[in-house]
Amino acid sequence: MTRRSWPARIARLLVIGLLSLTAGSIAIVALFRWLPVPVTSFMIQDDGPTAHDWVPWPEISRHAAVAVIAAEDQRFLEHSGFDFEAIDKAWTAAKRGRRLRGASTISQQVAKNLFLWPGQNWLRKGLEAWFTLWIEWLWPKQRILEVYLNSAEFGRGVWGIEAASRHFFRKPAARLNRHEAALLAAVLPNPKRFRVDRPSPYVQQRQAWILRQMSMLGGVRLLDGLD
């Protein structure tokens, strides 16, 4: 092999590797369209013991699903993975010197929780966008909600709605009422700081706000098109 052929060979290997990674990432998203998710990237990176029990959609209280939509992503059923209206508002607020608000959708959070790592940088945001596109393309909204509720952290080492419901309320996730669901959703911005079992005044105020938003969204009727 001549010296000149080495760059072409390296380039070919890089292209093959990139195509393999691309195909592999799409394949794993496609598989999780049907398979339960036993563990996520964030769970693996967590310190200390982990409680997690996967439960399918029929065994999750509809109040829990409405609560997380009300708390985290009220346009979830309308957008295709990215809420550009929320992104624009967050960017405008940041330019005015206000605290940068999160604008991640539930779909983006699923992509991050399942496949990526904590922190903020352009590589991670790019990969998050890539996985979000394929999640929205390959999964129905019901599946996105199901995986989100099973992979979100609701307290230190408490992952997923079933583990959270049993840990904090001594009942399965199917039996959560709207007040309990709203309290769980209230800690989602920072479950390592905010407590379900000892809610601060801020968490209590946020729970009350979420309950109002749930009512404004129509309660469990919001999910009629998903069931």
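Summary of the structure given here. The shown structure was predicted, so the numbers you read here are calculated from the model rather than taken from an experiment.

**Some points on helix α9 (residues 178–186)**
1) Next: Of all 9 residues in α9, 7 are buried, a share of seventy percent or more.
2) Next: Every buried residue belonging to α9 is among Glu180, Ala181, Ala182, Leu183, Leu184, Ala185 and Ala186, and all of these are buried.
3) Next: Tucked inside the fold, the buried residues of α9 contact α3 (62–72), β2 (153–155), α8 (161–169) and α10 (201–216).
4) Next: N-cap assignment for α9: the residue whose side-chain oxygen lies 3.0 Å from the backbone N of His179 is Asn177.

**As for the nonpolar core**
1) Next: Counting residues in each nonpolar core, the largest one holds 54 residues, and the members touching the most others are Ile106, Val110, Trp139, Leu145, Ile161 and Ile210.
2) Next: Here this core takes 8 residues from α3, the largest share from any one element.
3) Next: Setting aside residues up to four positions removed in sequence, Ile161 forms contacts with Val55, Ile60, Ala64, Leu149, Asn150, Phe154, Ala173, Leu176 and Leu184.

**Here we look at the side chain of Lys171**
1) Next: Relative to the helices and strands, Lys171 resides in the loop between α8 and α9.
2) Next: Ignoring anything within four residues of it in the chain, the contact list for Lys171 reads Ser165, Arg166, Leu176, Asn177 and Glu180.

**Describing the packing of α3 against α9**
1) Next: Where α3 meets α9, the axes come as close as 8 Å, and the angle between the chain directions of the two elements is 40°. Comparing their axes, α9 and α3 come out oblique. Of the two possible hands of crossing, α3 and α9 adopt the one that is right-handed. Side by side, α3 and α9 meet where His63, Ala64, Ala67, Val68 and Ala71 of the first sit next to Arg178, Ala181, Ala182 and Ala185 of the second.
2) Next: Residue composition of the contact of α3 with α9, by class: 7 nonpolar, 1 polar and 1 charged.

Criteria and cut-off values
Residues numbered from 1 in each chain as written. Predicted model: local features only at pLDDT ≥ 70, side-chain atom pairs only at ≥ 80, totals over all residues. Heavy atoms only, no water. Buried < 20%, exposed > 50% of the residue type's maximum accessible area, 1.4 Å probe, protein only. Helix = DSSP H or I, 4+ residues; strand = E, 2+ residues; numbered from the N terminus. Contact = heavy atoms within 4.5 Å. Polar contact = N/O pair within 3.5 Å; in protein donor to acceptor, adjacent residues only side chain to side chain. Core = buried A, V, L, I, M, F, W, Y, C linked by side-chain atoms within 4.5 Å. Axes fitted to C-alpha atoms, helices over the stretch in contact; angles between N-to-C directions. Parallel < 35°, antiparallel > 145°, perpendicular 65-115°, else oblique. Left-handed = near helix turned anticlockwise from the far one by under 90°. Nonpolar A, V, L, I, M, F, W, Y, C, P; charged D, E, K, R; others polar.

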